[in-house]
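# Residue-level structure breakdown
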Amino acid sequence: MLQSLSISNYALIEQTSLQFEKGLTAITGETGSGKSILLGAFGLLLGERADTRAIKDENAKCVVEAVFNLKNESLQSFFTENDLDYEELTTIRREIAPGGKSRAFINDTPVQLTTLKQLGSKLVDIHSQHENSLLGDREFQFSVTDAFAGNDSLLAEYSAVFSQYKAAKRALEETLQNEAQMRKEMDYIRFQLGEFEKAQLENLDQQALEQELDTLNNAEQIKTVLAHVHGLLDAEAQGAIPAMNLAKSSLQKIASFNHQLEEYSTRLESALIELRELAREIEAYAEDVHVDEKAIEEIGNKLSVLYSLQKKHGLNSVEELLALKAELESKCHGYDNVDDQIAALQKQVEMHEQTMQTLAKKLTDSRKKAAAKAQEEVKRYFSELSLEHAELSIEITEAEHFNSFGKDEIAFLFRANKGSKLQPIEKVASGGEISRVMLAIKASISKHKHLPVLILDEIDQGVSGEVGKKIGEILKEMSKETQLITITHLPQIAGKAAQHLKVYKSNEGATTTTHVVLLNEEERINELAEMLSGKNISKAAIENAKELML
């Protein structure tokens, strides 16, 4: 239940703190006094969008805070799932900074607005005046019927499968739509892979091929130069090797004279050995070098294919081309599996459809049973609300396709008088009739779906007199199970409340301020009497007010 509410710097309210009791609380006040401000404050606590225009003092922070007693509410799992500290006395706070930044807190822990909304929906149900128009809304009608049927868990199970079904069906449709394009892409990828296969990249050493081609293209020059070099090294008369042999013989004659000369002789011998080996290798290499036009053509073709692939794909090495080839092979493999993907998605869609069919059938059966029960319960309230001949019919028919509610379509049909034709309620019910029908529905639902706090904003719209008294009695009865707060203009309803709050304005200089006060018994009598007879309160109005409080 709601235990307290404090509001500061919101709309016309500077500061107010209210304590709430169990049962029925009535909020009254003249038109324009600011009763709707309280609804706005509750809206902030339930996660509605903040508006900086609602800040009274632009230089100060707006704060709305409420304390709920959750002792009997079984909400521990919600706090655990959202990593919040659970406390029986839970505080919800909303702050709006002058710059417009909004913050929300649950037990002093900052939370997202979505979390605040989730908790708020479990704590408070606000029925505002505009909600009467929802009576013809399809979603509202389903929520009412499912509340009578107790379908919360079944509907949650169906909704989870329906979400999976939509995701699988969307994926299937996208895959089918993309299949033709995928086929075209696959053909091109296969063409590219054919080019890679032709190039035989795995066996290519680009640097070695380029060197070999350079050698073949310059074979004559290489052969000529090497022959000249070999002659310089090993020519019989003027070659370097014969000259070094002479030098070696000369050094050997004097090498025994000291160690330095012996070292020169040894080093010259080593150099001579190396030079002879070099001369032999050059001679052998020169013999192997020859012009091979066929080899030149083959290597040139290989490099031409390689250079073409590198230019086409903007790459610089064989390794990069091989990486691209592997990527294309992987993509091609994925495209090859498109038929398997389609078959798997079709199977998923069919599986979800079968599960939905089963769950939807359960929802339909449950709703049809609940509809008959709801019609009877609502009708009993009709007789108390001067709608003795009215009838509400909840028609449930099979939908052509699955929807978020199952496979049902729903319609609330209504007639106010005998012999009239049942028609959609939003087309035939007057404003006063819709208010009473909505009250009958809310009263009936309260027996099937528990909410700690129910707030009704002028549920008595369009009614007065004896009907207002009946509404007050119904609200009082409802408040035995649910803490109920009603904003009303009827003394017949306010008189049935266990607690009475009055909203009024005061003008101090250029400032208008809204105040909310708790009335004691005498003040309540005077307020009810004023609601009955106006500012000039008569003794008869006082006595009438006392009777209304009995």
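A brief report on the enclosed structure follows. Everything quoted here is computed from the prediction, not taken from an experiment.

Here the focus is the overall build of the protein chain. Broken down by element type, the protein chain carries 18 helices and 15 strands. In terms of overall dimensions, the protein chain is more spread out than a globule: its C-alpha atoms have a radius of gyration of 47 Å, far above the 24 Å expected for 550 residues. Structurally, the protein chain occupies a C-alpha span of about 155 × 60 × 40 Å along its principal axes. A burial count over the protein chain gives 44% of its 550 residues as buried. Excluding contacts between residues fewer than 6 apart, the proportion of contacts in the protein chain whose partners are at least 24 apart in sequence is 70%.

What follows covers the environment of N82. Summarising the element assignment, N82 is placed in the loop between helix 2 (76-81) and strand 5 (89-96). By relative accessible area, N82 is classed as partly exposed at 25%. Put simply, N82 and S383 are 301 residues apart on the chain and 45 Å apart in space, counted from C-alpha to C-alpha. Leaving out residues up to four positions away in the same chain, N82 has contacts with T115 and Q118.

Within the open sheet, the six strands sit side by side as 2-1-4-5-6-7. Their pairing is antiparallel. Looking along the sheet, the strands with just one partner apiece sit at the ends: strand 2 (13-19) and strand 7 (109-111). Strand-to-strand twist in this sheet, taken as the mean axis angle between neighbours without regard to direction, amounts to 15 degrees.

Side-chain pairs of opposite charge can arise where the charged atoms are in close proximity. A full pass over the atoms with the stated rule returns 19 salt bridges. When the shortest N-O distance is used, the salt bridge between R93 and E95 registers 2.9 Å. The exposure class of R93 is buried, given its relative accessible area of 13%. Take E95: its relative accessible area is 10%, and that puts it in the buried class. Across the pair E269 and K248 runs a salt bridge, and its minimum N-O distance is 3.4 Å. Taken together, the residues E269 in helix 9 (residues 259-288) and K248 in helix 8 (residues 240-254) connect sequence positions 21 residues apart. Relative accessible area serves as the criterion here: at 25%, E269 is assigned to the partly exposed category. Here the salt bridges do not stand alone but share partners, grouping K61, E65, R93, E95 and D108 into one network.

The next subject is the nonpolar core. Counting residues in hydrophobic clusters, the biggest one holds 55 residues, and the most contacted among them are F382, I441, I471 and L475. By residue number, the principal contributor to this core is helix 14 (residues 431-445), which donates eight residues. Residues contacting I441, with those up to four places away along its chain left out, are L135, V144, F148, V378, L392 and F412. Core analysis: the next-biggest nonpolar cluster, separate from the first, contains 43 residues, I7, F20, L38 and L46 among them.

With that settled, the discussion passes to the packing of helix 12 (residues 338-384) against helix 14. Axis separation between helix 12 and helix 14 bottoms out at 9 Å; the angle between their running directions is 125 degrees. Of the possible angle classes, the one that applies to helix 12 and helix 14 is oblique. When the axes of helix 12 and helix 14 are compared, the crossing they make is right-handed. Contact residues: helix 12 offers E377, V378, Y381 and F382, while helix 14 offers V437, A440, I441, A443 and S444. Within the contact of helix 12 with helix 14, the residues separate by chemical class into seven nonpolar, one polar and one charged.

In this description, a pair of aromatic rings is defined by centroid distance and the angle of the planes. Inspection of the entire model under this criterion finds eight aromatic pairs. Aromatic pair F78 and F79: ring centres 5.9 Å apart, planes at 85 degrees, arrangement edge-to-face. Since its relative accessible area comes to 6%, F78 is described here as buried. One cation-aromatic arrangement involves R93 over F105; the distance from NZ or CZ to the ring centre is 4.3 Å. Above the plane of the ring of F402 lies K407, whose end atom (NZ or CZ) is 5.0 Å from the centre.

A word on helix 12. Over its 47 residues, helix 12 extends 65 Å from the first C-alpha to the last, a length consistent with the 69 Å expected when each residue adds 1.5 Å. Of the residues trailing helix 12, S386 is marked for its positive phi of about 60 degrees.

Another point: the layout of surface pockets. Space inside the largest pocket adds up to approximately 1,300 Å³. Listed by contribution, the elements that provide at least two residues to the lining of the largest pocket are helix 1 (35-45), helix 3 (113-123), strand 8 (124-127), helix 4 (138-149), helix 5 (152-199) and helix 14. Considering the residues around the second largest pocket, the lining is formed by 14 residues, among which M1, K22, N72, E73 and E481 are closest to the centre. Here the residues of the lining of the second largest pocket sort into two nonpolar, seven polar and five charged.

With mixed pairing, six strands are arranged side by side in an open sheet as 8-12-13-3-14-15. The open sheet has two edge strands, strand 8 and strand 15 (511-518), and neither has a second partner. Each strand of the sheet is rotated relative to its neighbour by a mean of 15 degrees, with strand direction disregarded. Two elements, strand 12 (residues 453-457) and strand 13 (residues 483-487), share five bridges in a ladder whose sense is parallel. Of the residues in strand 13, the one forming a bridge with I455 is I485. Helix 3 rests against strand 8 and strand 12 of the sheet, and its axis sits at about 80 degrees to strand 8.

Next up on the list: the environment of L216. Within the secondary structure layout, L216 lies in helix 6 (residues 206-217). When the C-alpha positions of L216 and S304 are compared, they lie 16 Å apart, and in sequence the two are 88 residues distant.

Reading the values: the criteria
Residues numbered from 1 in each chain as written. Predicted model: local features only at pLDDT ≥ 70, side-chain atom pairs only at ≥ 80, totals over all residues. Heavy atoms only, no water. Helix = DSSP H or I, 4+ residues; strand = E, 2+ residues; numbered from the N terminus. Rg over C-alpha atoms; globule rule 2.2 N^0.38 Å. Buried < 20%, exposed > 50% of the residue type's maximum accessible area, 1.4 Å probe, protein only. Contact = heavy atoms within 4.5 Å. Pairing = 2+ DSSP bridges. Axes fitted to C-alpha atoms, helices over the stretch in contact; angles between N-to-C directions. Salt bridge = Lys/Arg side-chain N within 4 Å of Asp/Glu carboxyl O. Core = buried A, V, L, I, M, F, W, Y, C linked by side-chain atoms within 4.5 Å. Parallel < 35°, antiparallel > 145°, perpendicular 65-115°, else oblique. Left-handed = near helix turned anticlockwise from the far one by under 90°. Nonpolar A, V, L, I, M, F, W, Y, C, P; charged D, E, K, R; others polar. Phe/Tyr/Trp six-rings, centres within 6.5 Å; stacked < 30°, edge-to-face > 60°. Lys NZ or Arg CZ within 6 Å of the ring centre and 35° of its normal. Expected span 1.5 Å × (residues − 1). 1 Å grid on protein atoms, 1.4 Å probe; cavity = no way out; pocket = protein on both sides within 12 Å on 5 of 7 lines; lining within 4 Å. Points joined across faces, edges and corners; volume = space filled by probe spheres on them.

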